[in-house]
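Reading the structure
Residue strings, one per chain:
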Amino acid sequence: MLTQNQLKLEAARKALAFIPDDCIVGVGSGSTVNLFIEELATIKGRLKGAVASSQASADRLKAHHIPVYDLNAVDGVPVYIDGADEINHYLHMIKGGGGALTREKILGTASDQFICIADESKYVDVLGSFPLPVEVVPMARSFVARELVKLGGHPELRDGFITDNGNIILDVHGMKISKPVEMEGILNQIAGVVTNGLFARRRADVLLLARQNGIEEIR
Ligand code: 5RP
């Protein structure tokens, strides 16, 4: 019986096969991605470099002497590798458990291919058991919280947490999200919302799902 950490490592290892030679690779955030960065270091000789979705990932990449570029400094990102908090059968995701959702969404959307790496506990029928992270400009906190309540959610301030962009996170409980594409748009229309953690308009292209009996590749 593999542990959840071993399953994450299996998915991280498998992702190496999706990285073309001499390319800029997009790197997400979180514990699965941390394992991926360790694996990436073993093939760094065939990389041009990386663009990171968080300061934490950038620091880890730099510790392995993998060149880290600003997204504005590269022509394109052929492939982006990231984890998820939940992912459904359409490869729509909830992300942002680590608070890096805005940069993850920018990088994921700017990349040609989005590869999600996850253990099987993340694969769900309906998104929303995991509280949905919403990044909010601080002065809009109370207003946005009231709007989220009107939509049926129970927002909770992520205490003591400030994003890499200087904003706060509201984690929204109790949302069973049956229409992720629509809900993503509705939440982004609330003034003061920077990004929400639904990744449905730009879903993953490939899910590498680590199960006890091996990696399932889902498209
Ligand atoms: C960070 C994220 C992560 O991808 C997500 O939280 C999954 O993390 P982990 O790999 O630790 O389970 O969206 O903002």
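Summary of the structure given here. (Residues numbered from 1 in each chain as written. Predicted model: local features only at pLDDT ≥ 70, side-chain atom pairs only at ≥ 80, totals over all residues. Heavy atoms only, no water.)

**Considerations on the nonpolar core**
How we decide: Nonpolar cores are built from buried Ala, Val, Leu, Ile, Met, Phe, Trp, Tyr and Cys residues. Side-chain atoms within 4.5 Å join them into one set. Under the scheme applied here, a residue whose accessible area is under 20% of the maximum for its type counts as buried, over 50% as exposed, and between as partly exposed, the area being computed with a 1.4 Å probe on protein chains only. Starting at the N terminus, helices and strands are each numbered in turn, a helix being any DSSP run of H or I of at least four residues and a strand any DSSP run of E of at least two. Residue contacts are counted whenever heavy atoms from the two residues lie within 4.5 Å of one another.
Ranked by size, the top nonpolar core spans 29 residues in total, and within it Ile 19, Val 25, Val 27, Phe 36 and Leu 40 carry the most contacts. Secondary structure elements with two or more residues in this core: α1 (4-15), β1 (23-27), α2 (31-41), β2 (47-52), α3 (55-63), β3 (77-82), β6 (111-119) and β12 (206-211). By residue number, the principal contributor to this core is α2, which donates 5 residues. What Val 27 contacts, discounting residues up to four positions off in sequence, is Val 33, Phe 36, Ile 37, Leu 40, Ala 50, Val 51, Ala 52, Ser 53, Leu 61, Tyr 80, Ile 81 and Leu 107.

**Points about unusual backbone geometry**
Phi is positive for Asp 22, which is not a glycine, with a value near 55 degrees. Along the polypeptide, Asp 22 turns up in the loop between α1 and β1. At His 65, a residue that is not glycine, the phi angle is positive and equals roughly 60 degrees. On the secondary structure map, His 65 appears in the loop between α3 and β3.

**Comments concerning the sheet that holds strand β11 (residues 198-199)**
The cut-off we apply is this: Should DSSP find at least two bridges between two strands, the strands are regarded as paired.
With antiparallel pairing, the 3 strands of this open sheet are ordered in space as β4-β5-β11. At either margin of the open sheet sits one strand with a lone partner, and together these are β4 (86-87) and β11. Note: strand β5 (residues 93-94) against β11, 2 bridges, orientation antiparallel. The residue of β11 that forms the bridge with Met 93 is Phe 199.

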